[in-house]
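So you can see what is in the structure, the chains are spelled out below.
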Number of protein chains: 2
Amino acid sequence: MTEFEAIEKYFADLTPAGRGVMLGIGDDAALLEPGPDSCLVVSTDTLVSGVHFFPDADPADIGYKALAVNLSDMAAMAALPRWFTLALTLSETEMTHKWLEGFARGLGQVAGEYGVALVGGDLCKGPLAVTIQVLGECPKGREIRRSGAAAGDHIYVSGELGSAAFALEMLKSGRTPHPDCLARLLRPVPRIELGLSLRGIASAMIDISDGLLGDLGHLLDAGNVGARVDIDAIPFHERLGTECDPAQKWRCILSGGDDYELCFTVPPAKLQELERIGTPVYRIGEILAEKELRCIRNDGTKYVPGQAGYVHF
Amino acid sequence: MTEFEAIEKYFADLTPAGRGVMLGIGDDAALLEPGPDSCLVVSTDTLVSGVHFFPDADPADIGYKALAVNLSDMAAMAALPRWFTLALTLSETEMTHKWLEGFARGLGQVAGEYGVALVGGDLCKGPLAVTIQVLGECPKGREIRRSGAAAGDHIYVSGELGSAAFALEMLKSGRTPHPDCLARLLRPVPRIELGLSLRGIASAMIDISDGLLGDLGHLLDAGNVGARVDIDAIPFHERLGTECDPAQKWRCILSGGDDYELCFTVPPAKLQELERIGTPVYRIGEILAEKELRCIRNDGTKYVPGQAGYVHF
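Values in this document were obtained by computation on a predicted structure and should not be read as measured data.

Visitor: Please set out the overall build of chain A residue by residue, giving values where relevant.
Guide: A tally of regular secondary structure across chain A gives 10 helices and 13 strands. Taken against the 2.2 N^0.38 rule, which gives 20 Å for 313 residues, the C-alpha radius of gyration of chain A at 19 Å falls within 12% of a compact globule. Judged by the C-alpha coordinates and their principal axes, chain A covers about 55 × 55 × 40 Å. For chain A, long-range pairs separated by at least 24 residues make up 82% of all intrachain contacts whose partners lie at least 6 apart in sequence. Put simply, chain A shows about 12200 Å² of open surface, and 50% of that area lies on carbon and sulfur atoms.

Right, dumping it as structure tokens:
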């Protein structure tokens, strides 16, 4: 049973329609309606020791990443993050000044930079796990959901892909990653400002945490469309070109996770507005009416990704 | 280092004043201000296997309790719970139909009864832990904080204390608790309706999750006051009278946790209004100006609790 099957089968029924819920389970965040003009954007991400970080990771990096990945979900809804809560489960190993000081410092760095305030939480004894919930705001109807892509829309990503996955593969095989790539793994940058500036421009958006093909697959599913991805147009760090064999390179770029860049679609009529936002973004393909996901090389040949498991149809 | 010291020392600074935060860390829930007339009430509670429930606990009981204890925090703010998110960390042992079906059923029972909708979350692989965050609403200024108690206010509890702790002690020593007491441990009833009906009546309120003396201590700290507790007036299940020696009985009633009853204070001028709400509540003492917590027997003698650790001054 996959994560997605378990959510659909056991938990989707616990979100009744209405009751102030504009959008429930299944996007980067939920949209709630506490007041008349604005909506509340809510997302939760958990980091578990040994799954999302090495058990001996620097606590400052854990604190940093735990908040950054949650802010990335806000970026992917074009929401402004405001507040967060922290549920921290610690063993006695971490209940020390050194660990807590580092963790709080990493967390505080992100909180300060993006102006989000810690407003509550829970501290428990147990195996190390960090759950952060972010609450953001967005004027009603200005949010960008996963479901809005239409045939003919251009597909963009906000930056280089594959660096985080490459750094992780290096670490797992005992080698030292390039500092740029390691930084992408340990200190991802949530694209809050870009997300906000895409309001009214992007038709659909998701953040790339599970790998491009997997996450683009979610976006295509939600919009009931397909896509052509021009894989040679995808930006990546030069080290992936010089230090990887082609199989590793494409695995990291197309199926590697943890990049936290935005993947979004823009209708042709909005392309001029997109140019005016200033932030560099990269066009990597086009939305198709046919419900398939095709990867095409520059020379026109088809590329079949090794890890088809991430392709949802 | 205690939980409270760690929160104060490392995390309190991450809640800057202002920025839409009406009340940050340190009450049953935070109060946020997304709109002009109402406030958003936010709380988080984590249940960890082996700490908050036995590793072989019935998943339906775990699901039930995880949501119920979070709703209890809403009750203790006089808030109406609306939505919740769920961060569920599961090992492969729990990633089965049987476990998930039971868990979702227990969760759904509480969600249905109190009309709260699951709106998002996260599913992760790791040692079993359940983090639930509840979002509730309250008209501004109608919430009941911990800090409002004044000398002369009467102190009340909403029901029998000690049953959950007694059931837990029985289970730990291999005996079978009375079904009433076991139900209090496994399926606590959040006092949502009572919490709402105390708006404008109670001056301060907290839920009893860490034991009466500990939680009343938090309320006294917040209000900068003390209290006299008439311990023979505290309601408890008859089994605690017949099956416990006095030390165990008073330990469960005064310092045992997990009761999730409300403890609140009412100014003398509001006592007639309190009588009109209909729900039975129990007067157990009085707020004093002197910052101490005195436990008094019916015959006027002082009772010194065995577990002074829960008494915060």
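Visitor: How would you summarise the pairing of strand β9 (residues 226–230) of chain A if you had to cite specific residues and measurements?
Guide: All names here are of chain A. For β9, the buried fraction is high: 4 of the 5 residues fall into the buried class. Relative to strand β11 (residues 282–288), β9 is paired through 4 bridges, and the arrangement is antiparallel. Bridged to Ala227 within β11 is Ile287. Sheet topology places β9 next to strand β12 (residues 293–296); 4 bridges connect them, and they run parallel. In the sheet register, Arg228 faces β12, and the bridge partner there is Arg294.

Visitor: Can you lay out the pairing of strand β6 (residues 129–139) of chain A for me, pointing to particular residues and giving the numbers?
Guide: One face of the sheet, then the other: side chains in a regular strand alternate in exactly this way. Residue and element names in this part refer to chain A. For β6, a buried count of 10 out of 11 residues is recorded, marking the element as mostly surrounded by other parts of the structure. Examined bridge by bridge, strand β4 (residues 80–90) and β6 share 9 bridges and lie antiparallel to one another. Residue pairing in the sheet places Thr85 in a bridge with Gln133 of β6.

Visitor: Help me get a handle on the environment of Asp56 of chain B, residues and values and all.
Guide: Residue and element names in this part refer to chain B. Mapped onto the elements, Asp56 comes out in the loop between β3 (38–48) and α2 (59–75). Taking the relative accessible area as the measure of exposure, Asp56 reaches 67% and is therefore exposed. Through-space distance from the C-alpha of Asp56 to that of Arg297 is 40 Å; in sequence the pair is 241 residues apart.

Visitor: Before we move on, can you summarise the sheet that holds β6 of chain A with the specific residues and values?
Guide: Sheet architecture is open: 6 strands sit in the order β1-β2-β3-β6-β4-β5 (chain A), paired in mixed fashion. Each edge of the open sheet carries a strand with a single partner, namely β1 (21–23) and β5 (117–125) of chain A. Going from strand to strand, the sheet's axes swing by 25° on average, the running direction of each strand aside. Here β4 of chain A runs beside β5 of chain A; their pairing, made up of 8 bridges, is parallel. Note on β5 of chain A: the bridge partner recorded for Leu86 of chain A is Gly121 of chain A. The strands touched by helix α2 (residues 59–75) of chain A within the sheet are β3 (38–48), β4 and β6 of chain A, with β3 of chain A carrying the most contacts at an inclination of about 145°. The strands touched by helix α1 (residues 3–11) of chain B are β4 and β5 of chain A; relative to β5 of chain A, the strand with the most contacts, the crossing angle is about 145°.

Visitor: I'd love a proper account of the pattern of salt bridges, names of residues and values included.
Guide: Residue and element names in this part refer to chain A. All chains considered together, the criterion is met by 36 salt bridges over all chains. Here Asp27 ties to Arg146 by a salt bridge, and the two come within 3.6 Å at their closest N and O atoms. Placement of the pair is Asp27 in the loop between β1 and β2 (30–32) and Arg146 in the loop between β6 and β7 (154–157), with a sequence separation of 119 residues. A single burial state applies to Asp27 and to Arg146, both of which are buried. As a salt-bridge pair, Glu137 and Arg82 come within 2.6 Å of each other at their nearest N and O atoms. Taken together, the residues span a long stretch of sequence, with Glu137 in strand β6 and Arg82 in strand β4 at a distance of 55 residues.

Visitor: Go over the interface of chain B and chain A, please, and point to the residues and values.
Guide: Taken together, the 60 residues of chain B in the interface contact 60 residues of chain A. Carbon and sulfur atoms supply 69% of the area that chain B and chain A bury against each other, a total of about 4800 Å² over both sides. Summed over the shared surface of chain B and chain A, the result is 0 salt bridges. In this structure, the connection of chain B to chain A is made through 8 residue pairs in polar contact (both at pLDDT 80 or more). Residue contributions to the side of chain B that touches chain A peak at 9 residues, all from strand β5 (residues 117–125) of chain B.

Visitor: Explain unusual backbone geometry to me, using residue names and the numbers behind them.
Guide: Residues and elements named next belong to chain A. Not every positive phi belongs to a glycine, and Asn224 is a case in point at roughly 60°. Structurally, Asn224 can be placed in the loop between α7 (212–223) and β9. Overall, Asn224 belongs to the partly exposed group, its relative accessible area being 48%. A positive phi angle is found at Tyr260, which is not glycine, with a value near 55°. By the element assignment, Tyr260 lies in the loop between α9 (246–255) and β10 (262–266).

Visitor: I'd like a rundown of the domain arrangement of chain A, residues and numbers included.
Guide: Residue and element names in this part refer to chain A. Examined at the domain level, chain A breaks down into domain 1 (3–139) and domain 2 (146–310). On the domain 2 side, the residues contacting the 26 residues of domain 1 number 23 residues. In terms of surface lost to domain 2, no three residues of domain 1 exceed Phe54, Lys65 and Ala75, which account for 23% of the buried area on that side. At the boundary of domain 1 with domain 2, the tally comes to 4 salt bridges. Summed over the shared surface of domain 1 and domain 2, the result is 8 residue pairs in polar contact (both at pLDDT 80 or more). At the level of secondary structure, the elements contributing two or more residues to the side of domain 1 that touches domain 2 comprise α2, β4, α3 (97–114) and β6.

Cut-offs and rules
- Residues numbered from 1 in each chain as written.
- Chains lettered and ligands numbered in written order.
- Predicted model: local features only at pLDDT ≥ 70, side-chain atom pairs only at ≥ 80, totals over all residues.
- Heavy atoms only, no water.
- Helix = DSSP H or I, 4+ residues; strand = E, 2+ residues; numbered from the N terminus.
- Rg over C-alpha atoms; globule rule 2.2 N^0.38 Å.
- Contact = heavy atoms within 4.5 Å.
- Areas by Shrake-Rupley, 256 points an atom, 1.4 Å probe, with all protein chains shown as cover.
- Buried < 20%, exposed > 50% of the residue type's maximum accessible area, 1.4 Å probe, protein only.
- Pairing = 2+ DSSP bridges.
- Axes fitted to C-alpha atoms, helices over the stretch in contact; angles between N-to-C directions.
- Salt bridge = Lys/Arg side-chain N within 4 Å of Asp/Glu carboxyl O.
- Buried area = accessible area lost by both parts, 1.4 Å probe.
- Polar contact = N/O pair within 3.5 Å; in protein donor to acceptor, adjacent residues only side chain to side chain.
- Domains from an automatic or database assignment.

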